[in-house]
Amino acid sequence: MTTIVMRTTARVVVPIILVVAIELLIQGHNLPGGGFIAGVLTVVAFALVYVAYGLDYLEIGILERDIDPYTGIFEHRTVVAYRQLFTFGLVLAIASGIAGLLFGEPFLSQTFVYVELPLFGDVELASALVFDVGVYCVVVGGLLTILSVVGDE
């Protein structure tokens, strides 16, 4: 059981960590950072929630647990969701690399366009952002799977 101070700190700090992670993800195709460090920060936020509220907080309180039909063992829905996120990220990262090959460019080549947004003006959208989102999903899915499985032991 954790203290009220820990829970209150988690409520304040977790949104800040997630905003910084999103900022690093978005700016990562132009500056160092990107998908990997944003994914690690997101996992840190989840780990802080797990420490403050317990590993079963998300699984029991929100998602409920399932029984695996093949083994008869309780399968955590969050672990299944994390594995699916990992797979989606891997497919997205590979697809972003292969997309250049379809246009006669080298593997993982990048392009960009400028888009006019009402509040922000001209914003550069780069194809490397798709790769960074894939890496982000791989890191978050993989590390949260490890954290959940090892933490449950």
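Residues numbered from 1 in each chain as written. Predicted model: local features only at pLDDT ≥ 70, side-chain atom pairs only at ≥ 80, totals over all residues. Heavy atoms only, no water.

- Looking at an unreviewed UniProt entry, one finds the protein named Sodium:proton antiporter, with Halostagnicola larsenii XH-48 as its source organism.
- Among the UniProt annotations of the protein, the heading Subcellular location (unreviewed entry) holds the following wording: "Cell membrane". (UniProt positions renumbered as here; feature names shortened; annotations may be inferred.)

**A short note on the UniProt feature "transmembrane region" (unreviewed entry) in the protein**
So, point 1. Mapped onto this structure's residue numbering, the UniProt feature "transmembrane region" (unreviewed entry) falls at residues 12-29, 35-55, 85-108 and 128-150.
So, point 2. Helix makes up 75% of residues 85-108 and strand 0%, whereas the separation of the span's terminal C-alpha atoms amounts to 21 Å. (Helix = DSSP H or I, 4+ residues; strand = E, 2+ residues; numbered from the N terminus.)

**Let's talk about the pairing of strand E4 (residues 121-126)**
So, point 1. Relative to E4, strand E3 (residues 112-117) runs antiparallel, the two sharing six bridges. Each residue of the ladder has a partner; that of phenylalanine 112, found in E4, is alanine 126.
So, point 2. Where E3 folds back onto E4 in an antiparallel hairpin, the turn is made up of three residues. (Pairing = 2+ DSSP bridges.)

**A word on the nonpolar core**
So, point 1. Among the nonpolar cores identified, the biggest contains twelve residues, and these are Ala21, Leu24, Leu25, Ala38, Val43, Tyr50, Leu55, Tyr82, Tyr136, Cys137, Val140 and Leu144.
So, point 2. Contributing elements (two or more residues each) for this core: helix H1 (4-27), helix H2 (35-53) and helix H5 (128-152).
So, point 3. The dominant element in this core, judged by the number of residues it contributes, is H5, at four residues.
So, point 4. Filtering out sequence-adjacent residues up to four positions away, alanine 21 remains in contact with Ala38, Leu41 and Thr42.
So, point 5. Of all hydrophobic cores here, the second largest spans seven residues; its members include Ala10, Val14, Ala45 and Ala52. (Core = buried A, V, L, I, M, F, W, Y, C linked by side-chain atoms within 4.5 Å. Buried < 20%, exposed > 50% of the residue type's maximum accessible area, 1.4 Å probe, protein only. Contact = heavy atoms within 4.5 Å.)

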